[in-house]
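Below, each chain spelled out in residue letters.
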Amino acid sequence: MRLVLHREIPDDDILARQWNELVWQIDRPEVFYTFEWALAVSRAYRDSITPLLILAYERDSLVGIAALATDKPQRETFFLAGTTADYCDFVSLPDLRQELVNEVLAELRTLGLPTLVLANLPADSTTVHAIGPSAASRGYNLFSQPAFECGQILLQTTEQRASVIRHIRHKREGRYLKALAAKVPVVMDHLQSWDQIAPALPPFSKAHVARFAALGRTSHLASPQRIAFLSELAKLLSSHGWVTLSQLRAGDHPIAWLYTFRFARHWSFYQMTFDCSFREYSPGSALRLKVIEEACNSPETDFVDLGLGGEHHKKRWATGTRETLDVTLARSTVAYLRVAARYHAAAAIKTSPRLERYVRRVLGRPSMGNAQA
């Protein structure tokens, strides 16, 4: 296995084709692993991180990808998509994963990079089994902790689809929507080309910021980098038909949005918001139900992934889950012990609701989970 390093994501059509062909061959393909996702992150976050792309070849064939990045001081290495993707992983065929992980860790040691943080690594990934032996052999201390449970709606059988449809028909959100439809026509649009999505992103972002401000919180869409990322991502993915911005309109007025991906026989919910002035009609929930119903009627869709976080609506709908882990590899024993102590302290705090409320009040932080849904 021969490694090639890049400190940027090359805008190279041949690499893009080889990269995505490899993603399609792995056991659980995800849009988060694609060339386009890595390119969008590198363009939007170029001022705060430096990509470290490690490509593995056998002869002239691309057989492995580690899309990593470093902070500017190079104290920490992490998945390039770590703060933007629901799942992050090394990309290779399963039987080459151990060798790929081993070679990547060896390369990081050679580069003098002391700490590797692997956030949102799927617990069912081949990487989880490969990382332990490789870390030990390369002199890394390893600490793994649970991250998220991602709810999924399974649609692989006729019975599963029928059960979800029955559930939808009993939901009160549909009645709220009918009340609104009695006053003004209510329409759902699926925006899929860049020309359609581009003009819808500013009102989508504005509504997201306003919704969080109404809750006394700050939306991550208040960040210009995040806006740039969503724009770059939509521009790149729309050329393949992998992104959809679903929009609910009351007449000509958009009132709810759901940013989703359609990839490898499943849909992934990523970002949702609604116009707070229509809150009484539950437009966000109504839009989500309509999209789930559409997925149920799509024979090409095996499941809907509801994304990171433990919000109530995800728990209500999920008929399956996929767990993720946060894994830290540190050459320094002190750094390893610091990560472990932080995790155990946080776990202890969560066992005491009163103490957790106090700590969050002092720190001014929101509750655990994906607060940006």
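As the structure is a computational prediction, the values presented were derived from the model and not from experiment.

Q: What's the story with the overall build of the protein chain in this structure? I'm lost.
A: Of regular secondary structure, the protein chain possesses twelve helices and 13 strands. Expressed as a percentage of the 373 residues in the protein chain, the buried residues total 51%. Restricting the contact set of the protein chain to residue pairs at least 6 apart, pairs at least 24 apart contribute 75%.

Q: Is there a simple way to explain helix H8 (residues 224–238) in this structure?
A: Along an α-helix, residues three or four positions apart point the same way, because every turn accommodates 3.6 residues. With 15 residues, H8 extends 21 Å between its outermost C-alpha atoms, agreeing within 8% with the 21 Å of an ideal straight helix rising 1.5 Å per residue. Within the span of H8, buried status applies to Arg226, Phe229, Leu230, Glu232, Leu233, Ala234, Leu236, Leu237 and Ser238. In this structure, the buried residues of H8 make contact with helix H2 (35–44), helix H7 (194–214), strand E9 (243–250), strand E10 (253–263) and strand E11 (266–274).

Q: Is there a simple way to think about the side chain of Thr84 in this case?
A: Inspection of the secondary structure assignment puts Thr84 in the loop between strand E4 (77–79) and strand E5 (91–92). A polar contact of 3.0 Å, which involves the side chain of Thr84, links it to the side chain of Trp37. The residues touching Thr84, leaving out its near neighbours within four places in the chain, are Trp37, Val41, Tyr45, Arg226, Phe229 and Tyr270.

Q: For this particular structure, what's the right way to read the packing of helix H1 (residues 13–25) against H2?
A: When two helices pack together, their arrangement is given by the angle between the helix axes and the distance between those axes. Running from N to C, H1 and H2 point in directions that differ by 125°, and their axes come no closer than 9 Å. If you check the angle between H1 and H2, you find them oblique. Of H2, the residues touching H1 (which contributes Leu15, Ala16, Trp19 and Asn20) are Phe35, Glu36 and Ala38. Here the contact of H1 with H2 is composed, by residue class, of five nonpolar, one polar and one charged.

Q: What is the right way to look at the environment of Ser92 in this model?
A: Structurally, Ser92 is set in strand E5. The contact partners of Ser92, leaving out residues within four places of it in the chain, are Leu22, Ile26, Val63, Gly64, Arg97 and Leu100.

Q: Explain the nonpolar core here, please?
A: Most often, soluble globular proteins keep nonpolar side chains buried together rather than apart. Counting 81 residues, the largest nonpolar core has Trp19, Trp37, Leu108, Phe229, Tyr259 and Phe261 as the members making the most contacts within it. Leave out the neighbours within four places in its chain, and Tyr259 touches Leu201, Phe204, Leu230, Leu233, Ala234, Val243, Thr244, Leu245, Ser268, Phe269, Tyr270 and Gln271. Core analysis: the second largest hydrophobic core is formed by 28 residues, Ile153, Val164, Ile168 and Trp317 among them.

Q: Explanation requested: the packing of aromatic side chains in the structure shown.
A: Each aromatic ring pair is characterised by the separation of its centres together with the angle its planes make. One pass over the full model with this rule turns up 17 aromatic pairs. When the ring of Phe32 is compared with that of Tyr87, the centres are 6.1 Å apart and the planes differ by 65°; the resulting orientation is edge-to-face. Residue Phe32 is located in the loop between H1 and H2, and its partner Tyr87 is located in the loop between E4 and E5; the two are separated by 55 residues in the primary sequence. Measuring from centroid to centroid gives 5.3 Å for Trp37 and Phe261, while their planes differ by 70°, and the two rings are edge-to-face. Of the two residues, Trp37 sits in helix H2 while Phe261 sits in strand E10, which places them 224 residues apart along the sequence. There is no split in this pair, since Trp37 and Phe261 are both buried. An aromatic cluster is present here, built from Phe32, Trp37, Tyr45, Tyr87, Phe204, Phe229, Trp257, Tyr259, Phe261 and Tyr270 joined pairwise through their rings. It is Arg322 that lies over the ring of Tyr87; its NZ or CZ is 4.6 Å from the centre.

Q: Looking at this structure, I do not really get empty space enclosed by the protein. What am I missing?
A: Left-over empty space is what a probe sized like a water molecule reveals as it rolls over the atoms. On inspection of all chains with the given rule, the structure shows one cavity of 30 Å³ or more. Of the pockets and cavities examined, the largest cavity occupies roughly 140 Å³. Around the largest cavity, the lining comprises 15 residues; the ones closest to its centre are Phe32, Tyr33, Ala67, Ala81 and Asp89. Contributing elements (two or more residues each) for the lining of the largest cavity: H2 and strand E3 (61–71). Here the residues of the lining of the largest cavity sort into 13 nonpolar, one polar and one charged.

Q: Before we go on, may I ask you to explain the pattern of salt bridges in this structure?
A: Proximity of charged atoms lets side chains of opposite charge pair with each other. Enumeration over the complete set of coordinates arrives at ten salt bridges. Between Arg322 and Asp124 there is a salt bridge, with its nearest N and O atoms 3.1 Å apart. Of this pair, Arg322 sits in strand E13 (residues 320–330) while Asp124 sits in the loop between strand E6 (115–122) and helix H4 (126–137); the two residues are 198 residues apart in sequence, bridging distant segments of the chain. Classification of Arg322 as buried rests on a relative accessible area of 5%. Each of the salt bridges in this network shares a partner with another, and the network as a whole consists of Arg28, Glu30, Asp124 and Arg322.

Q: Mind showing me how you'd approach the environment of Leu230 here?
A: Examined against the element boundaries, Leu230 turns out to sit in helix H8. Through-space distance from the C-alpha of Leu230 to that of Ala44 is 8.7 Å; in sequence the pair is 186 residues apart. Once residues lying within four places of it in the same chain are set aside, the contact partners of Leu230 are Leu201, Phe204, Leu221, Tyr259, Tyr270 and Gln271.

Q: I would appreciate a short explanation of helix H9 (residues 283–296) in the present structure.
A: Taking 1.5 Å per residue as the helical rise, H9 with its 14 residues ought to reach 20 Å, and the 20 Å between its terminal C-alpha atoms agrees with that figure. The element H9 is largely enclosed, with a buried count of ten among its 14 residues.

Q: Even after reading the chapter, I still don't get unusual backbone geometry, so can you show me in this structure?
A: Among all residues save glycine, negative phi is the norm, and among peptide bonds the norm is trans. At Asn120, a residue that is not glycine, the phi angle is positive and equals roughly 55°. Relative to the helices and strands, Asn120 is located in strand E6. In this structure Asn120 comes out as buried when scored by relative accessible area, which is 6%. Positive phi values are uncommon outside glycine, yet Ser282 reaches one of about 50°.

Q: Explain the environment of His313 here, please?
A: Note that His313 resides in helix H10 (residues 312–317). Distance from His313 to Arg288, taken between C-alpha atoms, is 9.9 Å for residues 25 residues apart in sequence.

About the cut-offs
Positions within a chain are numbered from 1, following the residues in the order the chain's sequence is written. Local features in a predicted model are, by the rule used here, given only for residues with pLDDT of at least 70; side-chain atom pairs are given and counted only at 80 or more, and totals for whole chains, interfaces and linings are based on all residues. Computation of side-chain values covers all heavy atoms of the structure but excludes hydrogens and water. The helix count covers DSSP runs of H or I at least four residues long, the strand count covers runs of E at least two residues long, and both are numbered beginning at the N terminus. Only protein chains enter the accessibility calculation, which uses a 1.4 Å probe; a residue whose area is less than 20% of its type maximum is buried, one above 50% is exposed, and one in between is partly exposed. Note on contacts: a residue pair qualifies if any of its non-hydrogen atoms lie within 4.5 Å across the two residues. How far a helix is expected to stretch is found by multiplying one less than its residue total by 1.5 Å. Whenever two N or O atoms come within 3.5 Å, that pair is a polar contact, provided that in protein one can donate a hydrogen and the other can accept it, and provided that, for residues adjacent in sequence, both atoms are side-chain atoms. To obtain an axis, a line is fitted to C-alpha atoms, over the contacting stretch when the element is a helix, and the angle between two such axes runs from 0 to 180 degrees between their N-to-C directions. Under this scheme an angle from 65 to 115 degrees is roughly perpendicular, one under 35 degrees roughly parallel, and one over 145 degrees roughly antiparallel; angles in between are oblique. Three residue categories are used. Nonpolar comprises Ala, Val, Leu, Ile, Met, Phe, Trp, Tyr, Cys and Pro, charged comprises Asp, Glu, Lys and Arg, and polar comprises the others, including Gly. Here the nonpolar core consists of buried residues drawn from Ala, Val, Leu, Ile, Met, Phe, Trp, Tyr and Cys, with membership extended through side-chain atoms lying within 4.5 Å. Here the aromatic set is Phe, Tyr and Trp, taking the six-membered ring for Trp, and pairing holds for ring centres within 6.5 Å; pairs whose planes are under 30 degrees apart are stacked, those over 60 apart are edge-to-face, and all others are tilted. Either the NZ atom of lysine or the CZ atom of arginine qualifies as a charge over a ring when it sits within 6 Å of the ring centre and within 35 degrees of the ring normal. Definitions used for this entry: grid spacing 1 Å over protein atoms alone; cavity, a set of points where a 1.4 Å probe fits but cannot get out; pocket, an open set with protein on both sides within 12 Å along at least 5 of 7 lines; lining residue, one with an atom within 4 Å of a point. Grid points are joined across faces, edges and corners, and a volume is the space filled by probe spheres set on the points. For salt bridges, the criterion is a side-chain nitrogen of Lys or Arg within 4 Å of an Asp or Glu carboxyl oxygen.

Function cannot be inferred from these measures alone, as they are strictly geometric.
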